[in-house]
Amino acid sequence: LPEVRYPERLNAATALLARATPPPDKPALLAEGVSWTYRELDVLSNQIAAVLRDDMQLIPGNRVLLHGPNTPMLAACWFAVLKAGGVAVSTMPLLRAAELGKVIAKAEISHALCDASCVAVVRETLSTTTLRQIQIFEGEGGELLELARRKPERFEAVDTAADDVALIAFTSGTTGQPKGCMHFHRDLLAVCDTFARHILRPTSDDIFVGSAPFAFTFGLGACLLFPVWAGATAVLLEHGSPPQLAAAIEQFGVTICATAPTSYRMMAALPNLDSLQSLRKCVSAGEALPAATRLRWREATGIELIDGIGATEMLHIFISADEHQARPGATGKAVPGIRACVLGEDGQPLPPGRIGRLAVQGPVGCRYLADERQRDYVQHGWNITGDTYLMTEDGYFEYQARSDDMIVSSGYNIAAPEVEEALLRHPLVAECAVIGLPDELRGQVVGAFIVLAPDQTASEALKIELQLFVKNQIAPYKYPRFIEFRDDLPKTATGKLQRFALRQDRPA
Ligand code: 3UK
C-alpha cells in the first residue's frame with residue numbers, strides 16, 4: 001500500500017493553494033459572470049482570514065458556519081477559515097432554522113460567514129444558539145468583502161498541526177438524525193492523495209463541475225479540493241439540477257463532472273447530447289450506480305462512469321475504479337492507500353464470494369463529534385460503513401444494499417436496490433423505493449413505492465405488469481408483493497432515498 005505521509009505542522013488551505021503553483025493568471029474558480037485567478041483566490045482568502053481574526057475576534061479552534069450555495073465567495077471563505085485556524089462547518093443552503101439551530105448547537109458554532117440569500121434563516125437561530133459573530137457576503141460584494149478589501153494582501157496562516165480539526169461535516173441523515181464528523185487538516189490532503197491521485201488523475205488543464213454543495217463532502221472534494229490540488233479550474237454552480245449541470249458543461253467546456261447516478265440518468269435523457277462533448281471523465285457517487293445507468297451514459301457520451309463509494313465519515317471515496325478498470329455490477333476495488341474487506345457476523349474477514357458488512361481502513365477515518373455512534377462505526381480499527389458488500393476473487397467489491405435495506409423474506413436475503421434497479425428499467429417508472437414490510441407469514445415481504453413517469457395513471461393492471469416485469473429479470477421470489485404509487489418519495493437534502501421514513505410511515 002502506498003503510504004501517505006504529511007509534515008507534523010500542516011495547514012491544508014495554504015498547502016493546497018501552494019501546491020499547484022499555477023501561473024498567477026490561471027483561472028481557479030469560474031461562475032456565471034465571475035472568473036478568479038489562483039492569485040485572486042489566495043489574496044482574497046488572506047484578507048477574509050484577517051477579517052475573521054481582527055474584526056470578528058476568531059480564536060484558532062473556533063467553529064465557523066459557512067452558509068450559502070457554492071460560489072467563488074463561499075470558496076474563498078472556506079480557505080480563509082482554515083488559514084485563520086478556524087474549523088469550517090458548511091451547511092446545506094436549503095436548511096430551515098430549526099435544522100440549522102441543531103447544527104449550530106451540536107458543533108458549538110460561534111462565527112458565521114453567510115451568503116445574503118440565506119441570511120434570514122441564520123438570524124432566526126440567533127436567540128437560541130451560541131452564534132455571536134456574523135458577516136454577510138452578496139455575490140461579488142457585501143459587508144464582508146468591503147472589510148476584506150481594506151486588509152493587507154498577505155496573511156500568515158495559523159500554524160496548525162496536521163491533526164488539528166479543519167472541518168466538521170454533517171451526515172445527510174439517510175438513516176436518521178444528522179451526525180457531525182470531524183476531519184483533520186491532513187485528511188483534506190489524504191483524499192487528494194488517494195482517490196484524486198490514483199483514480200481520477202486530473203491535470204491542470206481540467207475544468208471541473210459538480211452538483212453537490214460543499215456541505216456534502218462529495219461536493220467539497222470534487223468541486224474544490226481536487227481542482228485546487230491539481231491546479232485546475234472549478235466551475236461553481238449555485239444550483240446543480242441536471243439541465244443546469246448540462247448547460248454549464250457546454251458553457252465552460254467542462255472536462256470532469258461529478259454528480260449522483262440519478263443526475264446522469266436525467267442528463268442522458270436531455271436533447272442535444274452533443275453539448276456534452278468536452279467531457280473527459282465522470283464520477284458517480286452518493287448512491288449505488290445501476291448497470292443500466294452506466295450503459296445509458298456510455299451510449300450517450302462514450303464515457304465510462306467512474307463509480308465510487310464514499311461517506312461523510314471517511315470524507316471521500318474509498319472504493320472505486322477508473323474508466324479502464326470499471327466493471328458493471330461492481331463499485332470497484334479499494335482505492336490505493338486504503339484497505340477494505342467484508343466482515344462476517346463474528347467480525348472476522350470473510351473469504352471472497354461471501355456477503356457481509358463492508359469494513360475500511362486508511363489515512364482518514366470516522367471521528368464523530370459527540371460519542372453518538374462512534375463504537376458502532378469504528379470496531380477494531382475498521383470503519384463499518386453500514387453497507388453490505390461481496391468481494392470477488394480479484395478484489396472487486398459488489399454492492400448489495402445498505403445493511404438496513406437487506407430484506408429477509410421467508411429466509412431469503414433480498415437487497416432493496418436490486419429490486420429497485422429492476423423496476424427502474426420499466427419505461428413508466430420514474431422513481432422507486434423498495435423496503436421490507438412486516439409480514440406474519442414470511443417475516444418480511446418486499447414492498448415497492450413507485451413514482452410514475454409524467455402523465456401516467458396508476459392501476460391494478462399496472463401493478464401486476466410491474467410485478468411480472470421484475471420476475472422476468474431477477475429471481476421471482478424477489479418481486480414486490482406490495483406496490484403503492486406515490487407522487488414523490490422522502491429524500492435527504494443530498495437527494496438520497498430515506499427508506500427509513502417509508503418504514504416509519506407504515507407501522508406493523
Ligand atoms: C452510500 C453508495 C453505493 C453508502 C459520499 C462520495 O455519499 C457520500 O456520503 P454520505 O455520508 O453517505 C454514505 C453512504 O452512501 N453510497 C455512497 N456512494 C455509493 N452506495 N455505491 C456508491 N457509489 O451507503 C455509503 O455508506 O452522504 C460519497 C464522496 C463523499 C461522500 N460523503
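Each chain carries its own residue numbering, running from 1 in the direction its sequence is written. In view of the model being predicted, local features appear only for residues whose pLDDT reaches at least 70, and side-chain atom pairs are presented and counted only at 80 or more, with totals across whole chains, interfaces and linings using the full set of residues. Neither water nor hydrogens contribute to the side-chain values; these are computed over all heavy atoms in the structure.

## Structural notes on the domain arrangement of the protein
Piece 1. Boundary definitions for the domains trace back to an automatic or database domain assignment. According to the domain assignment, the protein contains domain 1 (12–306), domain 2 (332–402) and domain 3 (410–505).
Piece 2. Placing the centre of domain 1 and that of domain 3 at their C-alpha centroids yields a distance of 35 Å.
Piece 3. Pairs of residues are marked as contacts when any of their non-hydrogen atoms sit within 4.5 Å. Counting from both sides, the interface comprises 13 residues of domain 1 and, opposite them, 11 residues of domain 3.
Piece 4. For the domain 1 and domain 3 pair, buried surface summed over both sides reaches about 1,000 Å², with 63% attributable to carbon and sulfur atoms.
Piece 5. As used in this structure description, the phrase polar contact means that two N or O atoms lie within 3.5 Å; if the pair is within protein, one of them must be able to donate a hydrogen and the other to accept it, and residues adjacent in sequence are counted only when both atoms belong to side chains. Linking domain 1 with domain 3 are two residue pairs in polar contact (both at pLDDT 80 or more).
Piece 6. In the side of domain 1 that touches domain 3, the residues fall into five nonpolar, six polar and two charged. Once two parts are put together, the accessible area they lose, assessed with a 1.4 Å probe and summed over both, is termed the buried area. Basically, the charged four are Asp, Glu, Lys and Arg, the nonpolar ten are Ala, Val, Leu, Ile, Met, Phe, Trp, Tyr, Cys and Pro, and anything else, Gly included, counts as polar.

## Quick look at the sheet that holds strand β23 (residues 429–439)
Piece 1. Overall, mixed pairing links the three strands, which are arranged β23-β24-β25 in an open sheet. Edge strands, defined here as strands with exactly one partner in the open sheet, are β23 and β25 (482–485). Put simply, the sheet's adjacent strands are angled 25° from each other on average, direction ignored.
Piece 2. Looking at chain direction, strand β24 (residues 443–452) and β25 are connected through four bridges and run parallel. When the sheet's bridge partners are listed, glycine 447 is paired in β25 with phenylalanine 482.
Piece 3. In this analysis, axes come from line fits to C-alpha atoms, helices being fitted only over the stretch in contact, and the angle between any two N-to-C directions falls in the range 0 to 180 degrees. Secondary structure counts use DSSP, requiring at least four H or I residues in a row for a helix and at least two E residues in a row for a strand, with both numbered from the N terminus. Sheet contacts for helix α13 (residues 416–424): β23 and β24; angle to β23, the most-contacted strand, approximately 145°.
Piece 4. Packing of helix α14 (residues 460–471) onto the sheet brings it into contact with β23, β24 and β25, and relative to β25 it is tilted by some 125°. Strands are labelled as partners when DSSP assigns at least two bridges between them.

## With respect to the nonpolar core
Piece 1. Counting 97 residues, the largest nonpolar core has Ile48, Trp78, Leu113 and Leu188 as the members making the most contacts within it.
Piece 2. Ranked by residue count, the leading element in this core is helix α3 (residues 72–83), at 10 residues.
Piece 3. Taken domain by domain, the makeup of this core includes at least three residues from each of domain 1 (12–306) and domain 2 (332–402).
Piece 4. The residues touching tryptophan 78, leaving out its near neighbours within four places in the chain, are Leu66, Ala88, Ser90, Leu167, Leu188, Leu220, Leu224 and Leu225. Working definition of a nonpolar core: buried Ala, Val, Leu, Ile, Met, Phe, Trp, Tyr and Cys residues. They are joined through side-chain atoms within 4.5 Å. Only protein chains enter the area calculation, which uses a 1.4 Å probe; residues under 20% of their type maximum are buried, those over 50% are exposed, and those in between are partly exposed.

## What to know about the packing of helix α1 (residues 12–19) against helix α8 (residues 217–229)
Piece 1. Following both chains from N to C, one finds α1 and α8 inclined at 50°, their axes separated by 7 Å at the closest point. With respect to each other, α1 and α8 are oriented oblique. Of the residues in α8, those touching α1 at Leu16, Leu17 and Arg19 are Leu225, Val228 and Trp229. Each angle receives one of four descriptions, namely roughly parallel if under 35 degrees, roughly antiparallel if over 145, roughly perpendicular if within 65 to 115, and oblique otherwise.

## Quick look at the packing of aromatic side chains
Piece 1. Here the aromatic set is Phe, Tyr and Trp, taking the six-membered ring for Trp, and pairing holds for ring centres within 6.5 Å; pairs whose planes are under 30 degrees apart are stacked, those over 60 apart are edge-to-face, and all others are tilted. Counted by the stated rule, this structure contains nine aromatic pairs.
Piece 2. Between the aromatic rings of tryptophan 78 and phenylalanine 79, the centroid separation amounts to 5.2 Å while the plane-to-plane angle is 90°, which identifies the pairing as edge-to-face.
Piece 3. With a relative accessible area of 1%, tryptophan 78 lands in the buried category.
Piece 4. With relative accessibility at 0%, the residue phenylalanine 79 sits in the buried group.
Piece 5. Consider the rings of phenylalanine 216 and phenylalanine 218, whose centres lie 5.9 Å apart with planes at 75°: the pair is edge-to-face.
Piece 6. For phenylalanine 218, a relative accessible area of 8% translates into the label buried.
Piece 7. Following the ring pairs from residue to residue traces out a cluster consisting of Tyr389, Phe397 and Tyr399.
Piece 8. Should the NZ of a Lys or the CZ of an Arg lie within 6 Å of a ring centre and within 35 degrees of the ring normal, that charge is described as sitting over the ring. The ring of tyrosine 396 has arginine 327 lying over it, and the distance from NZ or CZ to the ring centre is 3.7 Å.

## Details of the site of the ligand
Piece 1. Near is defined per residue: the residue qualifies when any heavy atom it owns lies within 4 Å of the molecule or strand. Close contacts around the ligand come from 22 residues, with Gly308, Thr312, Asp387, Arg402 and Lys496 the closest.
Piece 2. Between the ligand and glycine 286 there is a distance of 3.0 Å, counted from a nitrogen atom to a backbone nitrogen or oxygen.
Piece 3. Contact distances for the ligand include 2.7 Å between an oxygen atom and a side-chain N or O atom of lysine 496.
Piece 4. Relative to its free-state accessible area of 610 Å², the ligand is covered by the protein chains to the extent of 96%.
Piece 5. Contributions of two or more residues to the shell around the ligand are made by α8, β13 (306–310), β19 (382–391) and β20 (397–402). Where accessible areas are quoted, they stem from the Shrake-Rupley method and a 1.4 Å probe; at the residue level, only the protein chains shown are allowed to cover.

## A closer look at α8
Piece 1. One less than the number of residues in a helix, times 1.5 Å, gives the span that helix is expected to have. Counted at 1.5 Å a residue, the expected span for α8 with its 13 residues is 18 Å, but the 15 Å between its end C-alpha atoms falls short.
Piece 2. Where burial is concerned, most of α8 is hidden: 13 out of the 13 residues are buried.
Piece 3. Looking at the residues trailing α8, positive phi occurs at glycine 231, about 65°.

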